[in-house]
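# Tertiary structure, described
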Amino acid sequence: MDIGGAYGGGKAGGAFDPIAFVQRPTVILRAVCWLFAIIVFGCISSEGWREEANGKEYCIINRDGNACNYAVGIGVIAFLAAMGFIAGEYLFEQMSSVKTRKHYVLADLGFSAFWSFLFFIGFCYLTNQWGKADDPPNGEGVNNVQASIVFSFFSIFTWAGCAYFAFLRFKAGVDPSFSSTYESDPSAAQQYAAYPASNENDQFQEAPFSGQQQQQQQQQQQRADYSQPTY
């Protein structure tokens, strides 16, 4: 975590360093997730379907269309999400609001953990259906399906890694020296303005009637002096 930052990011408004950006572990891991997602849905989309004599298509994974659709669905969404989070990593340093950064980190944590779970379900589902499937004619599409299953397995750990980094960010929280731009609260300003400014000389003002008491004491002392007999 950068010193003086919030949720793993430095202060907003700093200079952008593209080399340091691409070397971040979170950016590298997102790029790996993006690549694995392409392989998962690309392999199924290209070789996962076959056409029967009557013109009807079927999924070569045990003729289960849901298996092919599931792999393509989670792969495409993971592909788009990975690109979105890479863009979010770039914009993260420009977020001056602590609340915005917190919402981004929580969204990253929730989505990454959930998609890791979906890839786990997809890996189990595809493996089970592929084990029951008949060998395709001439072995066409076998390598593609196997590649999709393997990279679904790898995606479990890459998305879990993204969730782990997001958790570390959330756990780091906000550094006390982080200065963010907040909108001023007009009600609070009016509340403080309602109290008049104190005058330092007020506390040194004489107590009421203190001058009159001193005069009375002086007069009583003079009368006592005159009343004493002289010899």
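Under the annotation held in an unreviewed UniProt entry, the chain carries the name Synaptogyrin and is attributed to Anopheles melas. Heading Sequence similarities (unreviewed entry) of the UniProt record for the chain holds this comment: "Belongs to the synaptogyrin family." Quoted verbatim from the Subcellular location (unreviewed entry) heading of the UniProt record, the comment on the chain is "Membrane".

This part takes up the state of the cysteines. Evaluated as defined, the whole model comprises 1 disulfide. Cys-59 shares a disulfide with Cys-68; S-S distance 1.8 Å. In this structure, the disulfide formed by Cys-59 and Cys-68 twists by about 65° around the S-S bond and is classed as right-handed. In this structure Cys-33 is a free cysteine whose sulfur lies 3.9 Å from that of Cys-162, the closest cysteine sulfur available. Taking the relative accessible area as the measure of exposure, Cys-33 reaches 1% and is therefore buried.

Before going further, it helps to spend a moment on the packing of helix α2 (residues 25-47) against helix α3 (residues 65-92). Interhelical geometry of α2 versus α3 gives an angle of 155° and a closest axis separation of 8 Å. With respect to α3, the axis of α2 lies roughly antiparallel. In this structure, α2 meets α3 at a crossing whose hand is left-handed. Contacts between α2 and α3 involve Thr-26, Val-27, Arg-30, Ala-31, Cys-33, Trp-34, Ala-37, Ile-38, Val-40, Phe-41, Ile-44 and Ser-45 from the first element and Cys-68, Ala-71, Val-72, Gly-75, Val-76, Ala-78, Phe-79, Ala-82, Met-83, Phe-85, Ile-86 and Glu-89 from the second. Residue composition of the contact of α2 with α3, grouped by class: 19 nonpolar, 3 polar and 2 charged.

What follows concerns the UniProt feature "transmembrane region" (unreviewed entry) in the chain. Under the present numbering, the feature "transmembrane region" (unreviewed entry) in UniProt falls on residues 27-49, 69-92, 104-128 and 148-168. Taken end to end, residues 27-49 is 91% helix and 4% strand, and its first and last C-alpha atoms sit 34 Å apart. Secondary structure across residues 148-168 divides into 100% helix and 0% strand, with the first and last C-alpha atoms of the span separated by 30 Å.

So, about the confidence of the model for the chain. Close inspection of predicted coordinates is inappropriate in any region flagged by low pLDDT. Model confidence for the chain is summarised by a mean pLDDT of 79, while 68% of its residues fall at 70 or above. Across the chain, element-level confidence peaks in α2 with a mean pLDDT of 95 and bottoms out in helix α6 (residues 186-193) with 43. Counted against residues more than four places away or in other chains, residues 179-195, with its pLDDT under 50, gives 5 contacts.

Summed over the entire model, instances satisfying the criterion amount to 17 aromatic pairs. Considering the side-chain rings of Tyr-70 and Tyr-125, the 6.3 Å spacing of their centres and the 80° angle between planes classify their relative orientation as edge-to-face. Separated by 55 residues along the polypeptide, Tyr-70 in helix α3 and Tyr-125 in helix α4 (residues 98-132) bring together distant segments of the chain. Taking the relative accessible area as the measure of exposure, Tyr-70 reaches 23% and is therefore partly exposed. Through a chain of ring-to-ring contacts, three or more aromatic side chains come together here, namely Phe-85, Phe-92, Tyr-104, Phe-111, Phe-114, Trp-115 and Trp-159.

The rules behind the values
Each chain has its residues counted from 1, running along the sequence as written. Under the rules for a predicted model, residues below a pLDDT of 70 receive no local features and side-chain atom pairs below 80 are neither given nor counted, while totals for whole chains, interfaces and linings still include all residues. The side-chain values count all of the structure's non-hydrogen atoms but skip hydrogen atoms and water molecules. UniProt positions are given in the numbering used here, feature names are shortened, and annotations may be inferred rather than shown by experiment. When two cysteine sulfur atoms are found within 2.5 Å, that pair is recorded as a disulfide. Residue exposure (1.4 Å probe, protein chains only): buried if accessible area is under 20% of the type maximum, exposed if over 50%, otherwise partly exposed. Lines fitted to C-alpha atoms define the axes here, with helix axes fitted over just the stretch in contact, and angles between the N-to-C directions of these axes take values from 0 to 180 degrees. Starting at the N terminus, helices and strands are each numbered in turn, a helix being any DSSP run of H or I of at least four residues and a strand any DSSP run of E of at least two. An angle counts as roughly parallel when it lies under 35 degrees, as roughly antiparallel when it exceeds 145, as roughly perpendicular when it falls between 65 and 115, and as oblique in every other case. Handedness of a crossing is defined here by the sense of rotation of the near helix relative to the far one, left-handed for an anticlockwise turn of less than a right angle and right-handed for a clockwise turn. When checking whether two residues touch, look at their non-hydrogen atoms; a contact exists if any pair is within 4.5 Å. Gly falls in the polar group here, along with every residue not listed as nonpolar (Ala, Val, Leu, Ile, Met, Phe, Trp, Tyr, Cys, Pro) or charged (Asp, Glu, Lys, Arg). Note on scores: pLDDT gives the predictor's confidence for each residue, bounded by 0 and 100. Only Phe, Tyr and Trp rings take part, Trp by its six-membered ring, and two of them pair if their centres are within 6.5 Å. Stacked means planes under 30 degrees apart, edge-to-face means over 60, and tilted covers everything else.

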